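# Summary of structural features
Below, each chain spelled out in residue letters.
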Amino acid sequence: MSDQAPTGFETWLVAAGSAAGEHEWLDRQRRHAAEQVRELGVPNTKHESWRYTSLKRLLETGFSRVDETRVDDLVPAGIDAYLVPGLDSHRIVMVNGHYSPRLSALGELPPGVRIGALREFLTSDPDALRERLNAVIGPQQPLFSALNTAGSDDGLVVLLERGAILERPIELIHLAVGMEVPRVAQPRHLIALAEGAQAALIERYISLNPELYCTNSVLELALGRDATLYHDRIQMESPQAFHITGLYLDQAANSHYQGVNIGLGGAWARTDIIARFSGEHAQCRLQGLYLAGDQQLMDYHLDVEHAVPNCTSQENFKGILYGKGRAVFDGRVLVARNAQRTDAAMSNKNLMLSEHAEVDTKPQLEIHADDVKCSHGTTVGQIDAEMLFYLRSRGLSASLARRMLCLGFAGEIIESIHHEAVREVVAEQVGARLESAPLD
Amino acid sequence: MTSTQAVDEIVRSEYEHGFVTEIESDTLPPGLDEGVVRAISARKGEPEFMTEWRLKAYRHWLTMPTPHWAAVHYPPIDYQAISYFSAPKRPEDAPKSLDEIDPALLETYEKLGIPIEEQKALAGIAVDAVFDSVSVATTFRESLAEAGVIFCAISEAVHDHPELIQKYLGSVVPHTDNYYAGLNAAVFSDGTFVYVPEGVRCPMELSTYFRINARNTGQFERTLIIAERGSYVSYLEGCTAPQRDENQLHAAVVELIAMDDAEIKYSTVQNWYPGDERGRGGIYNFVTKRGDCRGARSKISWTQVETGSAITWKYPSCILRGDDSVGEFYSVAVTKGRQQADTGTKMIHLGRNTRSTIVSKGISAGEGQQTYRGLVRISQRAAGARNHTQCDSLLIGDRCSANTIPYIEVKHPSANLEHEATTSKISEDQLFYCRSRGLTAEDAVSMIVNGFCKEVFNELPMEFAVEAQKLLSISLEGAVG
């Protein structure tokens, strides 16, 4: 074991802004994470969770860190062109991983709701974060999450007190801009809903230019008893970008989480979702849609742990692959020994449209209790020739017919996006991508 | 004389000496080195090419790490504590009569309806009289010879058909394949060799059971089956009756080769000793089975019923190389007590329009642990490939576990794949219905479980299917409380 960070990740470990010694507990967490990074080293394809995903290009690129003093000047024109029409939200904008007060519009918050930037919280009310940061994710972290913990930039903090209900959604916009050289941004978010609280979160990753950069974000979501969270994630990074997300979810009794993950952008996108039930009768619904074309890689790892009885989980991921697109789906449902009456269903469906596309899917069940209802299903196929024939016999061109069928396939997931305004934007984006895709 | 030659000389001379003087005691002392590998080869009087083949495998095996990826747990195996060659037991060492045999074993024989003479043979009792199956076997051999089918021990084939052995042995499972296959290649004891010539439909189901010298093939069995163009063969391995065996580690290798239009059907019933109720002393069954559909329109079908062994680690696979070739895998695996099984299949689609079917039924009771681990790979060339996979698990009791780990890798857009898996327990409604019709709880469970496995039993040759059903009922006895 060496004291050096694994080659390629030295810059990632440097925590932005906050000087060491500001908070002893935070320093300890960061030191521990940095140690873990050194212990873990760089995974290769022999590591089960990296079996189909190569880090070669990411390591070769070599990323430097974002210069935080500049971020506010990078978007002089504002972001009106990138807003979702008709969406009324509490908006927080992060530019290259750093909070931009100028572009954000928090609006008025109801009582019991606190929303702000992580670094502001660390200055104004560190005690509110002390017990919460790294609580969901725990001390044992995989490589990229540990890198984020050790060297995070800034992020969003949402704290809802008991019974607080947020009517308007929180909108979190990640902007990537002005990356003349490849840089890595490491945003870190914490959303904690106390008993009975309700909120909706819209998370969007946007880039203003087709630049090469890396986003390595970590989200910790803690849902208290009876809490409800709707979570729409729309990833539209630049076509050259690397995108990494670690999403950690802890659900107390009777809580309800519904997440929709739309993956459209990035050259190389990896998403890990780790969900754990800590109280009975909780429900978790994870849905996803990914489009991978050109040289894109869309890599999803889902890990749902039924640690207690009587919980319900549902995972439904769909993918459309064209060009030289590649997708990886690695889902695991773990049912612990005493987690009786678990109801878990996992499904992954893929539509392959081109000769050079590739899908690697691995839906696993690990079950240690007998009174359970668990299933998983996977399909890989192409557009049904008969459906195509039907549409063509009605006078549609081959490419239009294909596009319609693809949109129909994707429709199930798009429909489940919580906010209609967002749904429309996504449908439009998916349609546009299919239009430019070589579908014939 | 170089030093290597000198070493070789010494090793060889030692063996020669040993061969002459140790004719009475046919067992090599425990331990494994190049000398032991040479000694095994020499005792079997193998030609030079086989000795070299074994040594090459041994040298490679030394460089391989023990695999740890399977979901099975056991203490590390001391490969130096195993004796790698032991000739058939002499009559005076064997138990003298059924009185010396574990009554539990006899009870099982009774339930399976096994004739008394066969019970003795299975229990390892020295039988003086030639019993039925031997004479049956002789008749079988004659009609097989007439058809031109070669069916013999692999050690015989090494002498009688060296050209076939040289051409095919290790061509499907090379010694570099995995740790246990490497070990097997170095030290394999004996096994079966089948060669079906072009256009021949093998006149009967072949079974080790009918091969006179098949007994005591030892712990490192090696099977090689070659079906030439347009031929057909069905091969049965194992036996429903629990077999007594002193060897704890079994690392077998089975290689199947099907040429154009050929079909091989390979059925296994495995019921080795699972260990006592605390899981001590059971068999470790680490097997590499692979079929190569080399020819166009060829077909290889694996059917297995796995109820025995303390630990099972096996993945009968098909390489679908020929265009339009077909691979099938039907499996029932039962784990109870402290049994652990990590089993499944691999279907590697290389040729065009290749098809594969996987049906896996896992039943886990008591503290049994079971994992289905499968791979379906559609290569870039495999246009029109098709796969259907279904793996269902049935859990009985709250201390058992069932894992499903399918890997699906698709590199061709015209592939069609479906994978379905469910895990459930026997429903109260089903049980109640059966019980209301007067069935005991145990009979009801047995009936439901047999129904659950029916798809797989249908693939077994008829006699085997009947026995397998009985075996399943017996295996689950006492599992339901």
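What counts, and at which threshold
- Residues numbered from 1 in each chain as written.
- Chains lettered and ligands numbered in written order.
- Predicted model: local features only at pLDDT ≥ 70, side-chain atom pairs only at ≥ 80, totals over all residues.
- Helix = DSSP H or I, 4+ residues; strand = E, 2+ residues; numbered from the N terminus.
- Buried ≥ 20, exposed ≤ 12 C-beta atoms within 10 Å, placed from the backbone.
- Rg over C-alpha atoms; globule rule 2.2 N^0.38 Å.
- Contact = placed C-beta atoms within 7 Å.
- Pairing = 2+ DSSP bridges.
- UniProt positions renumbered as here; feature names shortened; annotations may be inferred.
- Nonpolar A, V, L, I, M, F, W, Y, C, P; charged D, E, K, R; others polar.
- Axes fitted to C-alpha atoms, helices over the stretch in contact; angles between N-to-C directions.
- Parallel < 35°, antiparallel > 145°, perpendicular 65-115°, else oblique.
- Left-handed = near helix turned anticlockwise from the far one by under 90°.
- pLDDT = per-residue confidence, 0-100.
- Core = buried A, V, L, I, M, F, W, Y, C linked by C-beta atoms within 7 Å.

Another aspect to go through is the overall build of chain B. Tallying secondary structure elements over chain B gives 12 helices and 20 strands in all. A buried classification covers 49% of the 481 residues belonging to chain B.

Right, let's talk about the overall build of chain A for a bit. Scanning chain A from terminus to terminus reveals eight helices and 21 strands. Since a compact globule built from 440 residues should have a radius of gyration of about 22 Å, the 21 Å found for chain A is in line with a globular shape. With respect to the three principal axes, the spread of C-alpha positions in chain A is 70 × 55 × 50 Å. Expressed as a percentage of the 440 residues in chain A, the buried residues total 53%. Sequence-distant contacts, at least 24 apart, represent 85% of the contacts inside chain A between residues at least 6 apart.

Residue and element names in this part refer to chain B. Of all 10 residues making up strand E13 (residues 326–335), 10 are buried, and the element is well covered by its neighbours. Judged from the 10 bridges that link them, E13 and strand E16 (residues 355–365) form a sheet pairing that is parallel. Bridging from a neighbouring strand, Thr335 pairs with Ser364 of E16.

Attention now moves to the UniProt feature "domain: SUF system FeS cluster assembly SufBD core" (unreviewed entry) in chain A. The UniProt entry lists residues 183–409 of chain A under the feature "domain: SUF system FeS cluster assembly SufBD core" (unreviewed entry), expressed in the numbering used here. Within residues 183–409 of chain A, the helical portion is 9% and the strand portion 59%, while the C-alpha atoms at the span's ends are 36 Å from each other.

Once that is clear, we can look at the environment of Ser255 of chain A. Residues and elements named next belong to chain A. Inspection of the secondary structure puts Ser255 in the loop between strand E12 (242–251) and strand E13 (256–263). In the structure, Ser255 is positioned 161 residues away from Met94 in sequence and 29 Å away in space, judged by C-alpha atoms. Dropping the residues within four chain positions of it, Ser255 is found in contact with Leu223, Gly224, Arg225, Asp226, Ala227, Thr228, Gly279 and Ala282.

Turning our attention to the interface of chain B and chain A. In this assembly, 29 residues from chain B lie in contact with 30 residues from chain A. Those elements giving two or more residues to the side of chain B that touches chain A turn out to be strand E18 (386–396), strand E19 (401–410) and strand E20 (416–425) of chain B. When its residues are assigned to classes, the side of chain B that touches chain A shows 13 nonpolar, 10 polar and six charged. With six bridges joining them, strand E20 (residues 358–367) of chain A and E19 of chain B adopt antiparallel strand pairing. When the bridges of E19 of chain B are listed, Ile367 of chain A appears paired with Ala402 of chain B.

Residues and elements named next belong to chain A. For the pair helix H6 (residues 385–393) and helix H7 (residues 398–415), the least separation of the axes is 9 Å and the interaxial angle reads 125°. In terms of axis orientation, H6 runs oblique to H7. Crossing geometry of H6 relative to H7 is assigned as right-handed. Together, Met387, Leu388, Leu391 and Arg392 of H6 and Ala398, Ala401, Arg402, Met404 and Leu405 of H7 make up the contact between the two elements. In terms of residue class, the contact of H6 with H7 is built from seven nonpolar, no polar and two charged.

All names here are of chain A. Position of Ser217 relative to the elements: it lies in strand E10 (residues 214–223). In this structure the C-alpha to C-alpha distance between Ser217 and Gly246, which are 29 residues apart in sequence, comes to 6.4 Å. Not counting chain neighbours up to four residues away, the residues in contact with Ser217 comprise Pro187 and Thr245.

Let us now look at the packing of helix H10 (residues 428–436) of chain B against helix H11 (residues 441–457) of chain B. Residues and elements named next belong to chain B. The interhelical angle for the contact between H10 and H11, taken along N-to-C directions, is 125°, at an axis separation of 9 Å. Considered as vectors, H10 and H11 are oriented oblique to each other. As for the relative orientation of H10 and H11, their crossing is right-handed in sense. Between H10, through Gln430, Leu431, Cys434 and Arg435, and H11, the contact on the second element is made entirely by Ala441, Ala444, Met447 and Ile448. Here the contact of H10 with H11 is composed, by residue class, of six nonpolar, one polar and one charged.

With that out of the way, let us pick up the confidence of the model for chain B. Residues and elements named next belong to chain B. Here chain B shows a mean pLDDT of 80. Residues at 70 or above account for 78%. Per-element averaging of pLDDT across chain B places helix H1 (residues 3–21) at the bottom with 40 and strand E15 (residues 346–349) at the top with 96. Between residues 6–25, whose pLDDT stays under 50, and residues either more than four places distant or in other chains, the model counts 12 contacts. Within the model, the stretch residues 125–135 combines pLDDT values under 50 with 17 contacts to residues more than four positions away or in other chains.

The next thing to look at is the pairing of E15 of chain B. Residues and elements named next belong to chain B. On E15, burial covers both faces: Lys346 and Ile348 on one face and Met347 and His349 on the other are all buried. When strand E12 (residues 317–320) meets E15, the two strands line up parallel, connected through four bridges. In the sheet register, Ile319 faces E15, and the bridge partner there is Ile348. By the bridge criterion, four bridges tie E15 to strand E17 (residues 369–378) in an arrangement that is parallel. If you follow Met347 over to E17, its bridge partner there is Val376.

Right, let's get into the UniProt feature "domain: SUF system FeS cluster assembly SufBD N-terminal" (unreviewed entry) in chain A. As recorded in UniProt, the sites labelled "domain: SUF system FeS cluster assembly SufBD N-terminal" (unreviewed entry) are residues 23–171 of chain A. Counting secondary structure, residues 23–171 of chain A comes out at 30% helix and 15% strand; the distance between its end C-alpha atoms is 29 Å.

If you trace the backbone, Val196 of chain B turns up in strand E2 (residues 192–196). Setting aside residues no more than four positions away along its own chain, Val196 of chain B makes contact with Val149, Cys202, Ala227, Glu228, Ser231 and Val233 of chain B.

In the Ramachandran plot, Asn134 of chain A falls in the positive-phi region, its phi being about 65° despite a non-glycine side chain. Of note, Asn134 of chain A is situated in the loop between helix H4 (126–130) and helix H5 (143–151). Its identity as a non-glycine residue notwithstanding, Asn353 of chain B has a phi of 50°, on the positive side. On the basis of neighbour count, Asn353 of chain B is assigned to the partly exposed category, with 19 C-beta atoms found within 10 Å.

Attention now moves to the nonpolar core. With 245 residues, the main nonpolar core has Leu193 and Leu321 of chain A together with Val194 and Ala227 of chain B as its most contacted residues. Among all residues touching Val194 of chain B, those that are not within four sequence positions of it are Ile150, Phe151, Leu206, Ile225, Ile226, Val233 and Tyr235 of chain B.

Attention now moves to helix H9 (residues 179–187) of chain B. All names here are of chain B. For H9, the tally of buried residues reaches eight of nine residues, placing the bulk of the element in the interior. Along H9, the positions that sit buried rather than exposed are Tyr180, Ala181, Gly182, Leu183, Asn184, Ala185, Ala186 and Val187. Elements in contact with the buried residues of H9: helix H2 (34–43), helix H3 (48–62), strand E4 (222–227), strand E7 (253–258) and strand E9 (284–293).

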